[in-house]
Amino acid sequence: MNYEQDNLALAKLFEFTRTDDAFELKRYLQPDNSAITEIEIPLAFRFVRVGSIAPKAFKDAIYLKSVTIPETVRRVGGRAFEGCTSLENIVLPASLKITDGGLFSRCNSLRRVELPEGVDIIRPNTFSQCPELEEIVLPKAVCIIHDGAFSDCPKLRSIIFPEDNTITLLGTAFKNCPLLSPDVMMYSLIGSNDIRLPFAYNAHFDWDTALRQDVFELALQYNSFKHVGKSMIFTSIIDRNLIELLPLAAGMLDNSLSEILADYSAAHGKTEITAWLLNFKNDDSEKSIAEKISERFEL
């Protein structure tokens, strides 16, 4: 729905606040009916550009199905479209920056979103609890995906990653996304582009998924642990008595790491593992690390 740049008409739909060189769309006034389902945010108000959208500006606008944000808008505040349960289509400008989390949380009707090139960080809970969301296309600029960014999206099955970049993925970014198969899930964690694993960043990561043998093997295949706190991986394996996974990661184990793990094992009462780790460098050097682990723990 196109609105003429008439100040009176715009003032009935939006509340604006003047900043230094632009207007901020402070709030969508939500006419008390379902007649307006499509909104094009104006380029200007009172002949001054609209440069930003405030946090919660469209929160719980339950009738909106389509929103177009113009190129003049560079920043959108947190939870700006949270709870827009009918929202199916959102047009985002190329230069957009997302300044806080929860932007599209609880948007029940969103199915596919292509984030613009200006987005470099996906904030916490940006797309959390979007039950119909199936596909996300990430821009080249993305370098960090925060906790809960896509959590609780039960239909999410496709994540299209950019090429030739590195992404740091924090712990619960894809929590409760059951349709992401192990290989897709692990690609979302490591990828062929050296996407960084979350182990060293967040202790609340879903270890039941991450430490499954098929997922762990895939991680090793991509040699994805080189940017990760390796002691975090091993201590988690040891603490949960998942010793059978140690041979899979044997190539990462060295003398300095064995000393760290021995200290950890001793502190947690894992005496059998401690004794072996402390003698690690004295073991038969002709045998592979995987063989040593397998023999020691009779795997």
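Residues numbered from 1 in each chain as written. Predicted model: local features only at pLDDT ≥ 70, side-chain atom pairs only at ≥ 80, totals over all residues. Heavy atoms only, no water.

Peer 1: What is the right way to read the sheet that holds strand β3 (residues 38-40) from this model?
Peer 2: In a beta sheet, neighbouring strands pair by backbone hydrogen bonds and run either parallel or antiparallel. What the three strands build is an open sheet, ordered β3-β6-β8; its pairing is parallel. At either end of the open sheet lies a strand with only one pairing partner, and these are β3 and β8 (89-91). Taking the axes of each pair of neighbouring strands and ignoring which way they run, one obtains an average angle of 0 degrees across the sheet. Taken together, the three bridges between strand β6 (residues 66-68) and β8 define a ladder with parallel strand orientation. By the bridge assignment, V67 is partnered in β8 with I90. (Pairing = 2+ DSSP bridges. Helix = DSSP H or I, 4+ residues; strand = E, 2+ residues; numbered from the N terminus. Axes fitted to C-alpha atoms, helices over the stretch in contact; angles between N-to-C directions.)

Peer 1: Whenever I open this one, the pattern of salt bridges confuses me. Can you help?
Peer 2: Close approach of charged atoms allows side chains of opposite charge to pair. Counted by the stated rule, this structure contains 11 salt bridges. Across the salt bridge formed by E82 and R106, the nearest N and O atoms sit 3.6 Å from each other. Taken as a pair, E82 in the loop between β7 (75-76) and β8 and R106 in the loop between β9 (97-98) and β10 (112-114) lie far apart in primary sequence, 24 residues in all. Ionic pairing is found between E114 and R112, a salt bridge with its closest N-O pair at 3.6 Å. By relative accessible area, which is 43% here, R112 ends up partly exposed. Among the charged side chains, a salt-bridge network with shared partners connects K59, D60, R79, E82 and R106. (Salt bridge = Lys/Arg side-chain N within 4 Å of Asp/Glu carboxyl O. Buried < 20%, exposed > 50% of the residue type's maximum accessible area, 1.4 Å probe, protein only.)

Peer 1: When you look at unusual backbone geometry in this model, what are you seeing that I'm missing?
Peer 2: Negative phi characterises most residues that are not glycine, and trans characterises most peptide bonds. Positive phi is not limited to glycine here, since K56 has a value of about 65 degrees. With respect to the helices, strands and loops of the structure, K56 is situated in the loop between β5 (48-53) and β6. On the basis of relative accessibility, which here comes to 43%, the residue K56 falls in the partly exposed class. With a phi close to 65 degrees, R106 is a non-glycine residue in the positive phi region. The class of R106 is partly exposed, set by a relative accessible area of 28%.

Peer 1: Can you help me understand the sheet that holds strand β14 (residues 158-160) in this one?
Peer 2: Taken in spatial order, the three strands of this open sheet run β10-β12-β14, and their pairing is parallel. Each edge of the sheet is formed by a strand with only one pairing partner; in this case those strands are β10 and β14. Within the sheet, the average angular offset between the axes of one strand and its neighbour, ignoring direction, is 5 degrees. Taken together, the three bridges between β10 and strand β12 (residues 135-137) define a ladder with parallel strand orientation. Residue pairing in the sheet places E114 in a bridge with V137 of β12.

Peer 1: What's the story with the pairing of β5 in this structure? I'm lost.
Peer 2: Looking down a regular strand, the side chains alternate between one sheet face and the other. Burial analysis of β5 places five of its six residues in the buried class, which makes it a mostly covered element. Sheet analysis places strand β2 (residues 23-28) next to β5, joined by three bridges and oriented parallel. Residue pairing for β5: L25 is matched across the bridge by I53. As paired elements, strand β4 (residues 44-45) and β5 share two bridges and run antiparallel to each other. Directly across from F45, in β5, lies its bridge partner V48. Hairpin connection between β4 and β5: a loop of two residues separates the two successive antiparallel strands, and R46 in this loop has a positive phi of roughly 55 degrees. The pairing of β5 with β7 spans two bridges and is parallel. By the bridge assignment, S52 is partnered in β7 with R75.

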